[in-house]
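# Working through the structure, step by step
Listed below, chain by chain, are the residues.
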Amino acid sequence: MNIKLGFGAGFQEADVPEENIIQILEQNDTASDEPASVPDILRRALENPIGSQRLRDIVKPGEKIAIITSDITRPIPTWEVIPSVLEELSAANVSDDDVTLVFALGSHRAHTEEERRRLAGDAYGRIHCVDSDPSDCIPLGTTSRGTPVDITRVVAEADRIVLLGNIEYHYFAGYSGGIKALFPGASTPEAIQANHSMMVEDTACAGNLDSNPLRDDLEEASRICPVDFILNVVLDEHKHIAHAVAGDVVKAHREGCKILDKLYRVKIPERADIVIVSQGGAPKDLNLYQTQKALDNSKHAVKDGGTIILVGSCREGLGQKTFEEWITQVKAPADLTKRVREDFKLGGHKAAAIAMVLERANIKLVSEMNPDLVSQIFLEPYADLQHAVDDALEEQRAHLDEQAEPKIIIMPYGGSTLPSL
């Protein structure tokens, strides 16, 4: 079978023995029964909250309302979501002067005024719009795992807290959305360090909520700093709003995760000896920092001791300064997992995530990167997919019984599909 996988603006192709392929992972049918109009999708969620009253029945005139949303690095279209929330608040006679839209920076840089204006859309100038301030937080307590719950002042001093967000798979928090906008989004580097260092635990992985220590730690924070209401959206493959859920910070989030699973969690019959995975091409494979998401999802489809063939142009190289520093300055992958436990840093955490995959599987990288650099970061460099496939088949056959053939799973859009047994 000839396969073609996205690679930059073009593709890479290879002939793969058809009898070896056990599955090609495609997204589930994303046909939606939601109304086509985004305002209708949001209104329907707000009118039917999960596990709580309507927002307009929770807030009262004169109360200070903090609405937390994502920063510029996240895909939620806040400018589309915020008008429906303000409509709910207006129905409760809440004054615009009492509403503050807070952009959760986490460990990211502050926004420019133009970026805040773009995120807020027509709400900019109507309500207060500010960045969270990690240098001005109020300590509210500590979780049972020792994570400080320090919340930016404008939120901690508000009478009501409303969270916005989008739900997608998160490779160590299980899913994005829910409490993450508040904590650690509007918290401190110390809180992020304490919480995210748990990413090395086996159960801190994409699609897992019930036994995920990192997610448990996050949601414990919501009992220390209570959240009144959330509105979360699920985006389609084009980053347009397809579904929305509203209500209780945990119960509504869980329902949103179920919607995401229905769309993007794909059942596999077994793990494969070889997984061939791509981000789908430009712009998602611009660098290794972005392409890593497809790699992390593919680890759920490969057997221990198997081979992952990661296909991504990475024409801009590694893609992030801290990521580059971490992954190029160690002698062995295990050094990265040790370091992230002791000194979590954004960027470095993705280097550690690659190291954790390397503990289970060999990784061949088909890219435009310098082969010497690829070898330096513990991956096997290839310029073309066919060569990588041929080598992977030969190597895996050496580990199998004489009559056995390596089983292959192909993930053409690895960043969007999560394999599940």
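Rules and cut-offs
Residues numbered from 1 in each chain as written. Predicted model: local features only at pLDDT ≥ 70, side-chain atom pairs only at ≥ 80, totals over all residues. Heavy atoms only, no water. Helix = DSSP H or I, 4+ residues; strand = E, 2+ residues; numbered from the N terminus. Buried < 20%, exposed > 50% of the residue type's maximum accessible area, 1.4 Å probe, protein only. Areas by Shrake-Rupley, 256 points an atom, 1.4 Å probe, with all protein chains shown as cover. Lys, Arg positive; Asp, Glu negative; His and termini not counted. Charge placed at Lys NZ, Arg CZ, Asp CG, Glu CD. Salt bridge = Lys/Arg side-chain N within 4 Å of Asp/Glu carboxyl O. Phe/Tyr/Trp six-rings, centres within 6.5 Å; stacked < 30°, edge-to-face > 60°. Lys NZ or Arg CZ within 6 Å of the ring centre and 35° of its normal. Pairing = 2+ DSSP bridges. Axes fitted to C-alpha atoms, helices over the stretch in contact; angles between N-to-C directions. Contact = heavy atoms within 4.5 Å.

### With respect to the overall build of the protein
Of the regular secondary structure elements, the protein holds 14 helices and 20 strands. Structurally, the protein occupies a C-alpha span of about 75 × 45 × 40 Å along its principal axes. The 421 residues of the protein split such that 56% are buried. Accessible surface, the protein: about 17300 Å² in total, of which carbon and sulfur atoms supply 46%. In the protein, the 43 positive side-chain charges and the 67 negative ones have mean positions that sit 4 Å from each other.

### What about the side chain of lysine 350?
Mapped onto the elements, lysine 350 comes out in helix H12 (residues 348-358). No salt bridge is formed by the buried lysine 350. Its closest oppositely charged neighbour is aspartate 296, at 9.0 Å.

### Observations regarding the packing of aromatic side chains
According to the stated counting rule, one finds three aromatic pairs in the structure shown. Seen from their ring centres, tyrosine 171 and phenylalanine 172 are 5.0 Å apart, and the 80 degrees between their planes marks the pair as edge-to-face. Judged by its relative accessible area of 2%, phenylalanine 172 falls in the buried class. Above the ring of tyrosine 289, the side-chain terminus of lysine 350 is found at 4.3 Å from the ring centroid.

### Considering the pairing of strand E8 (residues 148-152)
Counting buried positions along E8 yields five of five residues, so the element is predominantly enclosed. Along E8, one buried face is formed by Pro148, Asp150 and Thr152 and the opposite face, lined by Val149 and Ile151, is buried too. Judged from the four bridges that link them, strand E7 (residues 137-142) and E8 form a sheet pairing that is antiparallel. In the sheet register, cysteine 137 faces E8, and the bridge partner there is threonine 152. The turn joining E7 and E8, which pair antiparallel and follow one another in sequence, is formed by five residues; a positive phi near 90 degrees is taken by glycine 146.

### Considering the sheet that holds strand E15 (residues 272-278)
Sheet architecture is open: six strands sit in the order E3-E19-E15-E16-E17-E18, paired in parallel fashion. The sheet terminates laterally at strand E3 (21-24) and strand E18 (380-382), the two strands that pair on one side only. Taking the axes of each pair of neighbouring strands and ignoring which way they run, one obtains an average angle of 20 degrees across the sheet. Pairing of E3 with strand E19 (residues 408-411), which is carried by three bridges, proceeds in the parallel orientation. Of the residues in E19, the one forming a bridge with isoleucine 21 is isoleucine 408. Running at roughly 170 degrees to strand E16 (residues 302-311), helix H14 (residues 385-397) makes contact with E15, E16, strand E17 (362-366), E18 and E19 of the sheet.

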